[in-house]
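# Results of the structural survey
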Amino acid sequence: MRKYIYLILVIAVAILITSLMKKEPIKPLSVGDKILSFKLNDQNGNLFDSNTVIGVQPAVIYFYPKDDTPGCTKEACKFRDEFEVFTDLNARVIGISSDDVSSHKKFAEKYHLPFTLLADVKQEVRNLFGVPKSVLGLLPGRVSYIINKKGTIIYIFESQFGAQKHIEEAIKALKNS
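As the structure is a computational prediction, the values presented were derived from the model and not from experiment.

## Side note on the overall build of the chain
Scanning the chain from terminus to terminus reveals 6 helices and 9 strands. When burial is assessed residue by residue, the chain has 42% of its 177 residues classed as buried. Intrachain contacts of the chain at a sequence separation of at least 6 include 65% that bridge at least 24 residues. If you sum the accessible surface of the chain, you get close to 10200 Å²; carbon and sulfur atoms cover 59% of it.

## Considering the sheet that holds strand 4 (residues 92-97)
As a general point, the strands of a sheet are linked pairwise by backbone hydrogen bonds and lie either parallel or antiparallel. The strand order 2-1-5-4-3-8-9 describes an open sheet built from 7 strands, whose pairing is mixed. Whereas interior strands pair on both sides, the edge strands pair on one side only; in this sheet they are strand 2 (47-49) and strand 9 (153-158). This sheet shows a mean twist of 30° between the axes of neighbouring strands, independent of strand direction. In terms of strand pairing, strand 3 (residues 59-63) meets strand 4 through 5 bridges, oriented parallel. Its bridge partner being in strand 4, Val60 is matched across the sheet by Val93. Helix-sheet contacts for helix 2 (residues 70-81) involve strand 3, strand 4 and strand 8 (143-147), and the interaxial angle to strand 3 is about 165°. The sheet contacts of helix 4 (residues 101-110) involve strand 1 (39-42), strand 4 and strand 5 (116-119), and relative to strand 5 the element is tilted by about 160°.

## Let's talk about the pattern of salt bridges
Following the criterion strictly, the structure yields 9 salt bridges and no others. As a salt-bridge pair, Arg142 and Glu75 come within 2.6 Å of each other at their nearest N and O atoms. Of this pair, Arg142 sits in the loop between strand 7 (139-140) and strand 8 while Glu75 sits in helix 2, and the two are 67 residues apart along the sequence. The salt bridge involving Lys105 is made with Glu109; its shortest N-O contact spans 3.4 Å. A residue pair is termed a helical-turn pair when its members lie 3 or 4 positions apart in one helix, as Lys105 and Glu109 do in helix 4 at 4 residues. A relative accessible area of 34% means that Lys105 is categorised as partly exposed.

## A look at the side chain of Arg142
Given the relative accessible area of 4%, Arg142 is considered buried. Polar contacts involving the side chain of Arg142 include one to the side chain of Glu75, which spans 2.6 Å. When near neighbours in sequence (up to four residues on either side) are disregarded, Arg142 contacts Phe63, Tyr64, Pro65, Gly71, Cys72, Glu75, Phe157, Glu158, Ser159, Gln160, Ala163 and His166.

Calculation rules
Residues numbered from 1 in each chain as written. Predicted model: local features only at pLDDT ≥ 70, side-chain atom pairs only at ≥ 80, totals over all residues. Heavy atoms only, no water. Helix = DSSP H or I, 4+ residues; strand = E, 2+ residues; numbered from the N terminus. Buried < 20%, exposed > 50% of the residue type's maximum accessible area, 1.4 Å probe, protein only. Contact = heavy atoms within 4.5 Å. Areas by Shrake-Rupley, 256 points an atom, 1.4 Å probe, with all protein chains shown as cover. Pairing = 2+ DSSP bridges. Axes fitted to C-alpha atoms, helices over the stretch in contact; angles between N-to-C directions. Salt bridge = Lys/Arg side-chain N within 4 Å of Asp/Glu carboxyl O. Polar contact = N/O pair within 3.5 Å; in protein donor to acceptor, adjacent residues only side chain to side chain.

Structure below.
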């Protein structure tokens, strides 16, 4: 009996310690908010500073779970296939996941992705934006933020399983702004 009580106590303490160590995201960004500045390495290992884009030109910042997985590949390839539309709208496309620079480089080369992929390995920017997890809290969320030239969020689209719909929604929001 004592062994079970001890085991339950150890598990409870482990859960408590784990929950205290988790960094809670800042209040999630919403439509009308300004994008906060951040710096991350891109797929080529270069430091990307959001201030070089945000407030300079429209942008789509999309968070996705993982390089080279079925849904994420469909989403990235749809952004690639519609890249000219974004270019015509003078909008910058930026993908962010927790994969490292090497993974992003392979992913970008394999699918000929013409846009920036940023490595948020510590999930600091994901937390800065307040991107929620999905699927019972197990998978990182899939959220697109459409930002106008002034650096203000004009539209947010969240759909874990509608990966390709992110592109259609982004184009529609940019055209309507």
